[in-house]
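# What the coordinates show
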Amino acid sequence: MTLHCHKLGAGLPPILRSETADLLALEGALLLDWVARHGSPLNLIWPDALRENLAALREVLIERGVEHAIYYGAKVNKSPGLVQAALDAGAGVDISSLYELRDARRLGADGASLVATGPAKTKAFHEELVACNALISVDSPEELEDLIGCLPAETGTRPILLRLQPASQEKSRFGMKAEAIVRCLTRIAGESRLRFDGLHFHLGGYRWEDRVAALKEAAGLIAEARSMGFSPGMIDIGGGLPIQYVDQEQYRAHLATQAPEDYRTGKVPGSFYPYGGALSSVDWLRRFLQAEISEGQTVANYLTSEGLILAMEPGRALADQAAITAFRITRVKALRDEAHVIFVEGSSFSACETWFASEFLVDPILIPARRSPAASNPIRAYLAGHSCLDDDVLSNRWLTFPVAPQAGDLLVFANTAGYQMDLLENEFHRHPIPARLRVLRDAEGRLMLAHDTIEEV
Ligand SMILES: *Cc1c(COP(=O)(O)O)cnc(C)c1O
C-alpha cells in the first residue's frame, strides 16, 4: 500500500477500518483480480460497518436514557445490503421516493420502521406511504392538503410529523415557519384520520449547536401543540452527523498550507466537506445531548422529562467506512514539466465531489499491479475519467506519487459510501453502471464477494 500526498507534511491519508486497511495492505493481488473480473471502477461494500456505526450511536442514547428511533437515510447510497443491515439491526429507514420505499418493503421493512422526510411527495408516494402506515413528515400546508386528499374515507389514523423550518434556515425551501406549523395543527385537529406525532427538522451543515437551537424552537411548538390538546411524542432532528475521513491535525495542516497552485485549475475550491472535523458522530451526539437548552436543563433531560422520543435520520454517518471504490489506471500521460494526467477506467460520476465545485480531500491509495514497481522519479498528476468531457476529473488537486503509477495499477478511494460512489453514476458513453459487491468471509475465513442486489441480501 503506497500512500502519497501533494506536499511533504500535507498529506491526507484516509482513516481506515481494520478490514479495509488489511485488504489494501495485504490483499492487493486479490483486489486486482476482483477488478479484472468485475470491471473498473469496483465498489466494495461492508454492511457490518453500518451495523457498528448504528450500535455506537445507540450506546450513547441508551447511556443518557433517551428513548430514540434511528432511521437510516437510504439516499446516501444505492446498496440494498446497507438497507438490509439497518433493518437487521432493528433500525428504521428514511425513504424519499416511491422506489426507495418499495425496495425497503421488499427487504422486509414494515410501515412502523419507515419514515418519509423528503419534501416533494407525489400522489402515488403518499398513497403507498398511507397504505403501509409509514410515518410521514409533512413539508408544508400545501403538502398536508395533498396528503389529506389521498386518505381513504375509511381508514385508521395515520401518524405524521410536521417539518419545521428553524430560524437559521430562513432561505431554505424545506419545512415551514412556526406560524404555518400552527395552521397545520388547526387543520389536523379537524381531521380524525391523521395523528400529530411531533416535529421534524433537517438542517444543512454539520454543527450540533445549530440542532440545539432548532430543538429549542421545536420545544416551544411542542408546548403549544400540547396546549391545543395534542399529545406529540417525538422530535426528529434529521441527519447531518459528521464523519471523520482523515486525521484532524493533518487536515488542519493541509488547509493551512493549500494554495491555488495545488490545483490544476489554479483555484482552491470555495468549500469542502469537513473531512477532518474535530468530532466523530458519537462525540457529536454526546455534545448535542449534553447541551443546555434552558437554565440547568440539557437536551437529554428535556427529552426524557417531556417523554419525547428523539428520532434522527443519519445517512452519511451510518455509511462511514462502509465502502471503497477501486479504479484501474488506463494510462499515465505526460503533459508538461513534471505534470501528468492519470486516466482511470471510470469517471468522476463515481467519485463525484468535483461536480459540486469541491474536492474529495482524501488521498487515493495506489495498489501496484507488479510486485516490484519499476524504479522511477516521483511524479505529479491529476486524475481524469475516461469520458470526453473536459470536466470529467476525479482530482483537480495535484497528487505526488513517490513511484510513478502505471497502467493496470489501481487507485483506491476509501470511505466512498456517503454520497461519493454512486450519487451521479450513469451510463455515459454507454459504459455499464459500476459493479457493487459485498465483501464477506467464507467459512474458512477467506475473503469473498457477494452480489449486492435485493434478491441476494
Ligand atoms: C439527506 C437527508 C438526511 C441525511 O443526511 P446526512 O447528512 O447524510 O446525515 C436526513 N434527512 C433529510 C431530510 C435529508 O434530506
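Residues numbered from 1 in each chain as written. Predicted model: local features only at pLDDT ≥ 70, side-chain atom pairs only at ≥ 80, totals over all residues.

## A closer look at the packing of helix α5 (residues 98–106) against helix α6 (residues 123–132)
Using the following cut-off: Between the N-to-C directions of two axes lies an angle of 0 to 180 degrees, each axis being a line fitted to C-alpha atoms and, for a helix, fitted only over the stretch in contact. Each helix corresponds to a stretch of at least 4 residues labelled H or I by DSSP, and each strand to a stretch of at least 2 residues labelled E; elements are numbered beginning at the N terminus. Roughly parallel here means an angle under 35 degrees, roughly antiparallel means over 145, roughly perpendicular means 65 to 115, and every remaining angle is called oblique. Here is the rule for handedness: rotate from the far helix to the near one, and if that takes an anticlockwise turn smaller than a right angle the crossing is left-handed, while a clockwise turn gives right-handed. Each residue gets a C-beta atom placed from its backbone, and two residues are in contact if those atoms lie within 7 Å. Just so you know the grouping, Ala, Val, Leu, Ile, Met, Phe, Trp, Tyr, Cys and Pro go in nonpolar, Asp, Glu, Lys and Arg go in charged, and all remaining residues, Gly too, go in polar.
Put simply, α5 and α6 touch, their axes get as near as 9 Å, and they point 30° apart. As judged from the angle between their axes, α5 and α6 are roughly parallel. Between α5 and α6 the crossing geometry is left-handed. Residue-level contacts link Leu-98, Leu-101 and Arg-105 of α5 to Ala-124, Phe-125, Glu-128, Leu-129 and Cys-132 of α6. Split into classes, the residues belonging to the contact of α5 with α6 amount to six nonpolar, no polar and two charged.

## What about the UniProt feature "modified residue: N6-(pyridoxal phosphate)lysine" (unreviewed entry) in the protein?
Spelled out, the test is: UniProt positions are given in the numbering used here, feature names are shortened, and annotations may be inferred rather than shown by experiment.
UniProt marks Lys-75 with the feature "modified residue: N6-(pyridoxal phosphate)lysine" (unreviewed entry), using the numbering shown here. Relative to the helices and strands, Lys-75 resides in the loop between β2 (68–73) and α4 (80–88). In this structure Lys-75 touches Ser-96, Glu-100 and Gly-315, once residues within four positions along its chain are discounted.

## Looking at the domain arrangement of the protein
For clarity, the threshold we go by: Domain start and stop points were drawn from an automatic or database domain assignment.
For the protein, the assigned domains read domain 1 (18–46 + 321–451) and domain 2 (47–244 + 279–312). Computed over C-alpha atoms, the centres of domain 1 and domain 2 are 36 Å apart. The class makeup of the residues in the side of domain 1 that touches domain 2 is five nonpolar, two polar and three charged.

## A short note on the pairing of strand β12 (residues 323–336)
Filter applied, for reference: When DSSP finds at least two bridges between two strands, those strands are taken to pair.
As paired elements, strand β1 (residues 42–45) and β12 share four bridges and run antiparallel to each other. Across the sheet, Asn-43 pairs through a bridge with Thr-325, a residue of β12. By the bridge criterion, seven bridges tie β12 to strand β13 (residues 339–345) in an arrangement that is antiparallel. In the strand pairing of β13, Lys-333 is matched with Val-341. Connecting the antiparallel pair β12 and β13 is a turn made up of two residues, with Asp-337 showing a positive phi of about 45°.

## Some words on the environment of Asn-301
The condition is simple: Three classes are used. A residue is buried when 20 or more other C-beta atoms lie within 10 Å of its own, exposed when 12 or fewer do, and partly exposed in between, with C-beta atoms placed from the backbone.
Tracing the chain through its elements places Asn-301 in helix α12 (residues 299–305). Classification of Asn-301 by C-beta neighbours within 10 Å gives partly exposed; the count is 18. Separated by 35 residues in sequence, Asn-301 and Arg-336 have C-alpha atoms that sit 62 Å apart.

## Brief notes about helix α11 (residues 281–290)
Cut-off, in case you're wondering: This arc is built from the directions going out from the helix axis to the C-beta atoms.
All buried positions along α11 are accounted for by Ser-281, Trp-284, Leu-285, Phe-288 and Leu-289. Viewed along the axis of α11, the buried residues span an arc of 130°, placing them on a single side of the element. Lining the buried residues of α11 we find α3 (47–63), α9 (208–227), β10 (297–298) and α12.

## Thoughts on the nonpolar core
Stated formally: To define a nonpolar core, we join buried Ala, Val, Leu, Ile, Met, Phe, Trp, Tyr and Cys residues through C-beta atoms within 7 Å and take the resulting set.
Counting residues in each nonpolar core, the largest one holds 120 residues, and the members touching the most others are Ala-86, Val-93, Leu-114 and Val-412. Mapping this core onto the domain boundaries places at least three of its residues in each of domain 1 (18–46 + 321–451) and domain 2 (47–244 + 279–312). With sequence-adjacent residues up to four places away left out, Leu-114 is seen in contact with Gly-92, Val-93, Ile-95, Leu-101, Ala-104, Ala-109, Cys-132, Ala-134 and Leu-135.

## Focus on α6
Here α6 has its buried residues at Phe-125, His-126, Glu-128 and Leu-129. Positive backbone phi, at 65°, marks Asn-133, one or two positions downstream of α6.

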